[in-house]
Amino acid sequence: MNWIGLAGSGFVILSAILMASLAFLRRKSTPVFREIPAFDRLQKAIGLAVEEGSRLHISLGRAGLTTPQCAAELAGLEMLRRVAELTSASDRPPVATSGDGAVAILSQVALQASDQAVLSTGYDVTAARLTGLTPFSYAAGTLPVMHDEEVSANLLMGNFDIEVALLTAAADRSSPAGREGSVSLAASDNLPAQAIIYASAQDPLIGEELFAAGAYIKARPFHSASLIVQDILRWLVVIAILAGAILKLAGLL
Amino acid sequence: MKLKGLFSTAIAMATGLIVLVGYFIGAPVLVNLRITILNWVIILAAVAVFIGLFNLLAVHADKIRNKKKGGFFSLMLVLFMLITLLLGLWLRPDHPAMSLIFNAVQLPVETSLMAMLVVTLTYASIRLLHRRYNLFSVIFLATALLILLGSAPLPFIGSVPILSDMIRPFIAQVLAAAGARGILIGVALGALTTGLRVLFGAERPYGGSNPPSGGK
């Protein structure tokens, strides 16, 4: 194993040990997170959607599970599952759209699991959809869902590229800012998409906030532990960058 | 049902660990096992695409059957999807007719949608201050305008002095690149912890009930 492999495996093992220990130590305590207003609005929107009988739309992006961007899809799927659990009492389940076959199947699984949790038998097989396999066919296939299915809140959580501009514009029309219970929350792991989301979404999430979304909706010990681990690792990276820069300036590296 | 959940969790954790360990440790047994698992995943992903197409068909067939809004477009979609599929199976994907379908239909439609982005993004930028009137939005817009002005030469003048050769490169190559790197490091750390949650079985996108909630 070369030194990069050694450092990489060390980093992963350290993260795993930290996460497992923190999850065990904090299993009974109430997690405290820094405030992100978008998630407070989302909690209210979920409650209102159940009362009104309107739908929530979760767009999971178009990356496949065999690509490096699959972590964003997993974060979106976790969000879908949480939202589906919270809205399981509603007459209208959330609708999920994705641009990859495997993610579409997993979104079916997530919706089905939440349906079984409340022993309902009314699971709608068209609630999780594959809308297109290329960036723009995915966007074009998702737009009618936002416009025609009485959607009150749109959550765009996953891997998007520049086509996200079309989705945020449509989300803005189907759930306009200012209307009660209306939320248009968007996050991506892709940098150009993040710039577009910042300019065009009502509630943009930047950077790693995408991966924290599940914890804000319904926290489990491993979620709060993983957020603390992220903070610890970020400090380690900052120290490593500073140390590297100082050593380089001193001519020792 | 519980047993099924445990079984799928055990398989997911075991395969995830084998692939991860095989990536870092170059032992031939682990590397071969990792490559075999990844090959299976690629085959399964291809099958999933096919299942996804059936899902697409089911959604639009439901729209046509129940005479929902946009039913005519669903009919067109189903019709042309089946025609393209049959042509592809009959002529093979490398046939000139298949290339023609792609180049004459798919490509122009996607290009038109991409062109629409210019309008959408310009409108979004105009509305940004209406949506969120704060210092960061002002900086965002000012930076975007400086980069645009610095990138596009003005008629009769050419490139704008100082802006094109000093300010734009400084913003793009120093400030933006540094910020982008910071965001990417954050995203990478988020991806790492998400992967670990799946490996620990704390997140189960493949089914089965999740572990109990914490305090919140």
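Residues numbered from 1 in each chain as written. Chains lettered and ligands numbered in written order. Predicted model: local features only at pLDDT ≥ 70, side-chain atom pairs only at ≥ 80, totals over all residues. Heavy atoms only, no water.

S.K.: In this structure, what is going on with the overall build of chain B? I would like to understand it.
M.R.: When helices and strands are tallied, chain B shows 6 helices and 0 strands. Reading chain B from its N terminus to its C terminus gives the helix and strand order α-α-α-α-α-α. A compact globule built from 216 residues would reach a C-alpha radius of gyration of about 17 Å, whereas chain B, at 26 Å, exceeds it by more than 25%. Structurally, chain B occupies a C-alpha span of about 70 × 50 × 45 Å along its principal axes. (Helix = DSSP H or I, 4+ residues; strand = E, 2+ residues; numbered from the N terminus. Rg over C-alpha atoms; globule rule 2.2 N^0.38 Å.)

S.K.: I would appreciate a short explanation of the pairing of strand β2 (residues 95-98) of chain A in the present structure.
M.R.: In regular strands, side chains alternate between the two faces of the sheet. Residues and elements named next belong to chain A. By the alternation rule, side chains of β2 split into Val95 and Thr97 and Ala96 and Ser98, which are all buried. Looking at chain direction, strand β1 (residues 55-61) and β2 are connected through 3 bridges and run parallel. Residue pairing across strands places His57 opposite Val95, the latter belonging to β2. (Buried < 20%, exposed > 50% of the residue type's maximum accessible area, 1.4 Å probe, protein only. Pairing = 2+ DSSP bridges.)

S.K.: Explain the sheet that holds β2(A) to me, please; I cannot follow it from the model alone.
M.R.: Two modes of strand pairing occur in sheets, parallel and antiparallel, and in both the strands are linked by backbone hydrogen bonds. Residues and elements named next belong to chain A. Spatial strand order, β3-β2-β1-β4-β5-β6: 6 strands in an open sheet with parallel pairing. For this open sheet the edge positions go to β3 (128-130) and β6 (203-205), each flanked by a neighbour on one side alone. Pairwise comparison of adjacent strand axes, ignoring direction, gives a mean angle of 15 degrees for this sheet. Contacts from helix α7 (residues 191-200) reach β5 (183-188) and β6, with the element oriented near 160 degrees to β5. (Axes fitted to C-alpha atoms, helices over the stretch in contact; angles between N-to-C directions. Contact = heavy atoms within 4.5 Å.)

S.K.: Teacher, can you tell me more about the nonpolar core here?
M.R.: A general feature of soluble globular proteins is that nonpolar side chains tend to end up buried together. Core analysis: the largest hydrophobic core is formed by 44 residues, its most contacted members being Phe39(A), Leu42(A), Met79(A), Leu155(A), Met157(A) and Leu185(A). For this core, the secondary structure elements donating two or more residues are α2 (37-52), β1, α3 (70-86), α4 (101-117), β4 (151-159), β5 and α8 (209-217) of chain A together with α6 (163-199) of chain B. The dominant element in this core, judged by the number of residues it contributes, is α3(A), at 9 residues. (Core = buried A, V, L, I, M, F, W, Y, C linked by side-chain atoms within 4.5 Å.)

S.K.: Any chance you could explain unusual backbone geometry here in plain terms?
M.R.: Residues and elements named next belong to chain A. Even without being glycine, Glu150 reaches a positive phi, approximately 50 degrees. Residue placement: Glu150 occurs in the loop between α5 (135-148) and β4. Classification of Glu150 as exposed rests on a relative accessible area of 57%.

S.K.: Would you explain the side chain of Thr97(A) in this entry?
M.R.: Note on placement: Thr97(A) falls in strand β2. Of note is the side chain of Thr97(A), whose polar atom sits 2.8 Å from the side chain of His57(A). (Polar contact = N/O pair within 3.5 Å; in protein donor to acceptor, adjacent residues only side chain to side chain.)

S.K.: Whenever I open this one, a nonpolar patch on the surface confuses me. Can you help?
M.R.: All names here are of chain B. A cluster of nonpolar side chains, Phe50, Phe54, Leu82, Leu85, Leu86 and Leu89, forms an exposed patch at the surface whose accessible area comes to about 620 Å². Sorting the residues of the nonpolar patch by element identifies α2 (28-65) and α3 (71-91) as the ones contributing at least two each. Per-element tally for the nonpolar patch: the top contributor is α3, with 4 residues. Counting through the fold element by element, Leu85 comes out in helix α3. Judged by its relative accessible area of 39%, Leu85 falls in the partly exposed class. (Patch = residues over 30% accessible without salt bridge, like charges linked within 9 Å, V, L, I, M, F, W, Y side chains within 5 Å. Areas by Shrake-Rupley, 256 points an atom, 1.4 Å probe, with all protein chains shown as cover. Salt bridge = Lys/Arg side-chain N within 4 Å of Asp/Glu carboxyl O.)

S.K.: How should I be thinking about helix α4 (residues 96-131) of chain B in this particular structure?
M.R.: Residues separated by three or four positions in an α-helix point in the same direction, a consequence of the helix having 3.6 residues per turn. Over its 36 residues, α4(B) runs 49 Å from end to end, which matches the ideal 52 Å to within 8%, given 1.5 Å per residue. Along α4(B), the helix axis deviates most sharply at Leu107(B), where the bend reaches about 30 degrees; the proline Pro108(B) sits within four residues downstream. (Expected span 1.5 Å × (residues − 1). Bend = angle between axes of the 7 residues up to and from the residue.)

S.K.: Would you take a moment to explain the domain arrangement of chain A for this structure?
M.R.: All names here are of chain A. When the domains of chain A are assigned, the result is domain 1 (35-219) and domain 2 (221-253). Across the contact, 7 residues belong to domain 1 and 4 residues belong to domain 2. Carbon and sulfur atoms make up 61% of the area that domain 1 and domain 2 hide from each other, which totals about 510 Å². Counting across the interface, domain 1 meets domain 2 through 1 salt bridge. With a closest N to O distance of 2.2 Å, Arg234 and Glu208 form a salt bridge. Our count for the domain 1 to domain 2 interface comes out at 2 residue pairs in polar contact (both at pLDDT 80 or more). Contributions of two or more residues to the side of domain 1 that touches domain 2 are made by α3 and α8. Broken down by element, the residue count for the side of domain 1 that touches domain 2 peaks at 4 residues, all from α8. (Domains from an automatic or database assignment. Buried area = accessible area lost by both parts, 1.4 Å probe.)

S.K.: How should α6(B) be read in this particular structure?
M.R.: Along its length, α6(B) reaches its greatest deviation from straightness, about 35 degrees, at Ala176(B). Phi for Gly201(B), located one or two positions after α6(B), is positive at around 80 degrees.

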